[in-house]
Amino acid sequence: MKATSPPTIRPVKVGVLGCGAHAHIHGRVVSDAPGAVLAACADIDAAKAADWAARWHCGASFGSLSDMLTATDLDAVILATWPVGHAAEIAACLNRGVKYILCEKALCLSGEEASSILEQSRSAGAVVLEAVMYRYHPAIGRLEELLASGSLGRIDSIRAVFSNFEPDSPTPGKTKDWRLKAECGGGVSHDWMSYCVNAANYLAGGVPTRVFASGTRGSESGVVTSLFAQIEYSNGVTASLESSRNGSFSQLLSVCTEGGRLNLPVAWGIFGDVTLSVERRKPEWDYIVTERFPITHRNPFALQFAHFLEVAAGQGTPRIPLIESVVNAYTIDAILSSARAHEAVAQILPENISAERISAQPMRKEHP
Ligand SMILES: NC(=O)c1ccc[n+]([C@@H]2O[C@H](COP(=O)([O-])OP(=O)(O)OC[C@H]3O[C@@H](n4cnc5c(N)ncnc54)[C@H](O)[C@@H]3O)[C@@H](O)[C@H]2O)c1
């Protein structure tokens, strides 16, 4: 009998747009991933794209997205450009038939843009996945398991912080970071705060119904340099979010439940082993018992890309459905409007988005 050879699976042809600092993480991850090939890259700075291509053994480099899409037949595109360009870049990729897009956070700069991305991707039968890498880290997986086990009871409140002291003017001799440029979508709102909103909206298990926020703008940069927000959810959960370039470092995620406090001291950029802890009160009135869960580090970017490839191979649905990113975009809009107006904002989501989110996620129980 003739031996049959296993079917050959064609590697996913990936293009990378934006060859700046963060794109090198994607370069490493895609190069190391079995089942993917770096077919092309592009940057408005064509020389930068050529250097990036040489470093990551990428098939071809271009000076614009349209040149890359015209010259190469790509299965997937990773957008590692500034948030201001994402909506138009996604539209261009969808128009050229790209079916899988991994878009760096923040997906875009408004709820309206996010809704339009949702509609366009559905019409095109394509998948757009916002790259929010912390969600793939095993520490978050453990936190989700502990919450789902029921042993901690219902969630009462969530605290999420992403802050660090970063001067408002560029470091002398260095080029100005996009984070200090309004024209790139810089500022904390669509950068660090997007992690806090992502975690709070995901874990709360209800839809956001009211936001009160305050914040500051950099006197030199003009971008939003701090935001402090209180969010109320449809099921009675409350979230308190802080993102500031004016205060010292914290990347805390803390979930307070009926039965204890879950603390992850570094939740977003986890670059080593980390310990998740649960603090509970002992029966004696003034004692706290702390249970510790050491988590061995794994590269969240590699896990994120492996998931993206599974989705592209039809072996799973996006772990972060696009409707979730749309809700997050509207929530950031509400935080910014509240901070501008110094008033609470009670209309956060359009009705259709709220209804879809509610039907797409299992709601956690209402508080009495
Ligand atoms: N997940 C994470 O841990 C993480 C970390 C850093 C940055 N990011 C995200 O990655 C993205 C890029 O950030 P960065 O720090 O690498 O910025 P960067 O400025 O270092 O790089 C962005 C690159 O995109 C290029 N670019 C901009 N507009 C373009 C266009 N229309 N066509 C082609 N090229 C274009 C720029 O020339 C630049 O080289 C942002 O969305 C940011 O939020 C994510």
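Located above this text is the structure these notes cover.
Note that the structure is a prediction, hence the values are computed from the model and not measured.

S.K.: Any chance you could break down the sheet that holds strand β9 (residues 224-233) for me, citing the residues and the numbers?
M.R.: Strand order across the open sheet formed by 8 strands is β8-β9-β10-β7-β11-β12-β13-β14, with mixed pairing between neighbours. For this open sheet the edge positions go to β8 (208-217) and β14 (288-295), each flanked by a neighbour on one side alone. Taken pair by pair, the neighbouring strands of this sheet meet at an average axis angle of 10°, ignoring direction. Pairing analysis gives 7 bridges linking β9 to strand β10 (residues 238-244), with the strands arranged antiparallel. Looking at β10, one finds that S226 is bridged to S244. This element, helix α6 (residues 138-148), spans β7 (155-161), β11 (253-257), β12 (260-264), β13 (274-281) and β14 of the sheet and lies at about 25° to β13. Contacts from helix α9 (residues 322-341) reach β8, β9 and β10 within the one sheet, and its direction differs from that of β8 by about 55°.

S.K.: Any chance you could break down the pattern of salt bridges for me, citing the residues and the numbers?
M.R.: This structure, assessed with the given rule, holds 12 salt bridges. Of the charged contacts in the structure, one is a salt bridge between E242 and R159, with a shortest N-O distance of 3.2 Å. Residue E242 is found in strand β10, and its partner R159 is found in strand β7; the two are separated by 83 residues along the sequence. A relative accessible area of 33% places R159 in the partly exposed class. Across the salt bridge formed by E232 and R210, the nearest N and O atoms sit 3.2 Å from each other. Of this pair, E232 sits in strand β9 while R210 sits in strand β8, and the two are 22 residues apart along the sequence. For E232, a relative accessible area of 33% gives the class partly exposed.

The rules we used
- Residues numbered from 1 in each chain as written.
- Predicted model: local features only at pLDDT ≥ 70, side-chain atom pairs only at ≥ 80, totals over all residues.
- Heavy atoms only, no water.
- Pairing = 2+ DSSP bridges.
- Helix = DSSP H or I, 4+ residues; strand = E, 2+ residues; numbered from the N terminus.
- Axes fitted to C-alpha atoms, helices over the stretch in contact; angles between N-to-C directions.
- Contact = heavy atoms within 4.5 Å.
- Salt bridge = Lys/Arg side-chain N within 4 Å of Asp/Glu carboxyl O.
- Buried < 20%, exposed > 50% of the residue type's maximum accessible area, 1.4 Å probe, protein only.

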